[in-house]
Amino acid sequence: METESEPYVRLATLRQLHQVVANLNTARSLADTLQTVADGVTAGLGYELACVNLVRPDGDLVVAAFSGSPAAEALITGRVGSRASWERRLSMGEAWGELRFIPHTEGWVLIEDDVPQWHTDGPEPRFEDEWHPRDRLYAPMYASGSGRELLGVISVDRPRNGRRPGPWGQEALQMYASQAAIAISNARLRANMQRALVRLEREQQALRASEESFRQAFEYAPSGMAIAEMGGDQHGRLLRANDALCRLLGRPSSVMRRYSFADLVHPEDIGTLLRTSAEGGRAELRLARRDGTYVWVSLRNSVVADTADGPRFLLTHVEDIEERKRHELQLAHRASHDALTGLPNSAELRARLSSRLCSRPHAVRATAAGTHAVDSGVDSYDSSYDSGEYEYGEHAYRGDGFDFGDGADGGAYDHHVHAVAPDSEVDDGTKGLAVLFCDLDGFKSINDRFGHHTGDAVLIEVARRLTAGVRDGDTVARLGGDEFVVLADGLGAADAADLAVRLRNAIIPPIRVDGRAVRVGASFGIGWAECGMSVEEVLNSADQRMYIEKRSRSKVHRRAG
């Protein structure tokens, strides 16, 4: 069971990981790229030591970069390990996806082989997943494509938390190794391209040979490349596109010459493209495929000349980053959603609620701001507890309106739509953001009698019923344990009470788990989000009303099991 702080830790780690992955493509040479790969492990993945072993042309692996210890770096940098010894290591131990972990209980047989290594001393592990000083963890780097050519191996040591990485940490290291392999391949490609460009500028007499070299590097590059016009009426029009780019976008080369990147970019990314400079410009955006779908790519521009004094052209390198973006979205989703039910978690709930609140109380209402009738709505929806047929406020209705003030809180006009609580005494037509705090009745007894497997199945089904009972624009979140919160905008006091009854009636029917029917009840407390209140004040208000409503009903109404 993950702790309450883990989503925040994962978000922070995700930001660090995103930054170090972005840094991989900023290095200007292969040596800088290799050192950036090693530094990224210690800076963003939580290890104290990292080593990059690069495959040489003869197949052996040389220690090309080291990070974390100047003494160890001086000891092993430049030393070579045979390919046979490395293949032996990559076939031992435990396979964690693409990673290979060799525990200290097995790694003692490797002490005498010819792979460069360092040793650290430390006490024996005190618990099962504690990192041992002689544990080994390797992340192979493979070239993209079907051949799976080994480019090198990242070896890491001494996790800062003192533990073996869990599933999330393993996935992060594996994704980083994949991106590092792409960066190393691109660095080699850039080196080849740079040499080709130098020859084009300095060797006029060998122009034909240089053009052929450039053509082959362009046509057979593993990632997409394009040449476009610069200046004039046809600025940006594609002149040539290599086979990799044509395959990526599903368009033949003859068709690609009809377009510019501005014609292919996603409408939401056109501003990003226009802000990307011609010389050295970089951008991450979406390009349209022939089938109408979009693919995330990384664009990198450079300017080349046809001859020494001839016209200049724009050379654009197009890298497919769809997989990386997918992993980033998955990691972000895991950090902001409950692992069991798939609902937004506590952190995401607070973020969404915070976005609707501001520090200034709403000034349109004549009544005093912040007055709350704690018992409002309890009797009204408790009396219709079993009816099951209800309707509530209109979809997507927002609050009282805009406040065009004097700009005291940041600007001549404040376009924030203030959240306001409806009057609990008189139905004046005011609509607000209702916060329904739900606590399941009888859930603990189900857990105690039938076990956590049944309890988890009940929580999943309750989450499904709550989600089915609200509108598309509403939020259903799991706060923790058997507590849920619903955010429903555009409701009056009666609407919110009807919604609470409807949701409670949806929860009551029996839930079948492994052939057994169990029941839970639900108590709802209705609070209102109002500008001038904090997120915690809003949730506490709804929580308190839930407990008042729970105590106001007899045990018969709350019985479940």
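Data block above holds the structure.
Report on the accompanying structure. A quick note: this is a predicted structure, and the numbers were derived from the prediction, not measured.

This part takes up the sheet that holds strand E17 (residues 483–491). Pairing in this open sheet of 4 strands is antiparallel, and the strands run E16-E17-E15-E20 from one edge to the other. The open sheet has two free edges, formed respectively by strand E16 (475–480) and strand E20 (521–529), since each of these has just one partner strand. Between one strand axis and the next, the sheet turns through 25 degrees on average, direction left out of account. Of the strand pairs in this sheet, E16 and E17 are connected by 5 bridges, and their pairing is antiparallel. Within the sheet, the bridge partner assigned to Ala477 lies in E17 and is Val485. Lying over the sheet, helix H17 (residues 493–507) contacts strand E15 (432–441), E17 and E20, oriented at roughly 155 degrees with respect to E20.

Our next topic: unusual backbone geometry. Working note: non-glycine residues mostly have negative phi, and peptide bonds are mostly trans. Notably, Arg158 is not glycine yet its phi reads approximately 55 degrees, a positive angle. The exposure class of Arg158 is partly exposed, given its relative accessible area of 32%. Residues other than glycine seldom take positive phi values, yet Asp514 does so here, at roughly 55 degrees. Within the fold, Asp514 resides in the loop between strand E18 (511–513) and strand E19 (516–518).

Next up on the list: the packing of aromatic side chains. The final tally for this structure, using the stated rule, is 3 aromatic pairs. Arranged with centres 5.3 Å apart and planes meeting at 75 degrees, the rings of Trp86 and Tyr138 form a pair that is edge-to-face. Placement of the pair is Trp86 in helix H4 (residues 83–89) and Tyr138 in strand E6 (residues 136–142), with a sequence separation of 52 residues. Classification of Trp86 by relative accessible area gives buried; the value is 2%. On the basis of relative accessible area, Tyr138 is assigned to the buried category, the value being 5%. An angle of 10 degrees between the planes, with centres 4.6 Å apart, marks the rings of Trp96 and Phe101 as stacked. Take Trp96 and Phe101: they sit in the same class, and that class is buried. Here a set of aromatic residues connected by ring pairs shows up, and it is made of Trp96, Phe101 and Trp131.

Attention now goes to the nonpolar core. When a protein is soluble and globular, its nonpolar side chains tend to lie buried together. One finds Leu17, Leu137, Ile154 and Tyr176 to be the most contacted residues of the largest nonpolar core, which totals 38 residues. Mapped onto this core, the elements with two or more residues apiece are helix H1 (6–23), helix H2 (30–44), strand E1 (47–55), strand E2 (61–67), strand E5 (99–102), E6, strand E7 (150–159) and helix H6 (167–202). The biggest single contributor to this core is H6, with 10 residues. Sequence-distant contacts of Tyr176, that is, excluding residues within four places in its chain, are made with Leu17, Val20, Val21, Leu24, Thr36, Val37, Gly40, Val41, Leu45 and Ile154. In terms of nonpolar packing, the next biggest core, distinct from the first, is built from 33 residues, Ala434, Cys438, Leu503 and Ile511 among them.

Right, let's get into the pairing of E2. Judged by how many residues are buried, E2 sits mostly within the fold: 6 of 7 residues are covered. Alignment of E1 against E2, held across 6 bridges, turns out to be antiparallel. Its bridge partner being in E2, Val52 is matched across the sheet by Ala65. Counted along the chain from E1 to the antiparallel partner E2, the turn is 5 residues long, and its residue Gly59 has a positive phi close to 100 degrees. Relative to strand E3 (residues 80–81), E2 is paired through 2 bridges, and the arrangement is antiparallel. Within the sheet, the bridge partner assigned to Leu61 lies in E3 and is Gly81.

Our next topic: the environment of Thr316. Note on placement: Thr316 falls in strand E12 (residues 312–320). The exposure class of Thr316 is buried, given its relative accessible area of 1%. Distance from Thr316 to Ala228, taken between C-alpha atoms, is 7.9 Å for residues 88 residues apart in sequence. Contacts of Thr316, omitting those with residues within four sequence positions, involve Gly224, Met225, Ala226, Phe261, Leu299, Arg300 and Asn301. Polar side-chain contacts of Thr316 include one of 2.9 Å to the side chain of Asn301.

With that settled, consider empty space enclosed by the protein. Going through the model one piece at a time under the given rule, you end up with 3 cavities of 30 Å³ or more. Within this model, the largest cavity holds a volume of roughly 230 Å³. Lining the largest cavity are 19 residues, and of these Gln117, Trp118, Asp135, Arg136 and Tyr138 lie nearest its centre. Considering only residue class, the lining of the largest cavity consists of 9 nonpolar, 5 polar and 5 charged. Approximately 40 Å³ is the volume attributed to the second largest cavity. If you trace the second largest cavity, you find it lined by Val21, Leu24, Asn25, Gln179, Ile182, Ala183, Glu319 and Arg324. By residue number, the principal contributor to the lining of the second largest cavity is H6, which donates 3 residues. Looking at the lining of the second largest cavity residue by residue, the class counts come to 4 nonpolar, 2 polar and 2 charged.

Cut-offs and rules
Residues numbered from 1 in each chain as written. Predicted model: local features only at pLDDT ≥ 70, side-chain atom pairs only at ≥ 80, totals over all residues. Heavy atoms only, no water. Pairing = 2+ DSSP bridges. Helix = DSSP H or I, 4+ residues; strand = E, 2+ residues; numbered from the N terminus. Axes fitted to C-alpha atoms, helices over the stretch in contact; angles between N-to-C directions. Contact = heavy atoms within 4.5 Å. Buried < 20%, exposed > 50% of the residue type's maximum accessible area, 1.4 Å probe, protein only. Phe/Tyr/Trp six-rings, centres within 6.5 Å; stacked < 30°, edge-to-face > 60°. Core = buried A, V, L, I, M, F, W, Y, C linked by side-chain atoms within 4.5 Å. Polar contact = N/O pair within 3.5 Å; in protein donor to acceptor, adjacent residues only side chain to side chain. 1 Å grid on protein atoms, 1.4 Å probe; cavity = no way out; pocket = protein on both sides within 12 Å on 5 of 7 lines; lining within 4 Å. Points joined across faces, edges and corners; volume = space filled by probe spheres on them. Nonpolar A, V, L, I, M, F, W, Y, C, P; charged D, E, K, R; others polar.

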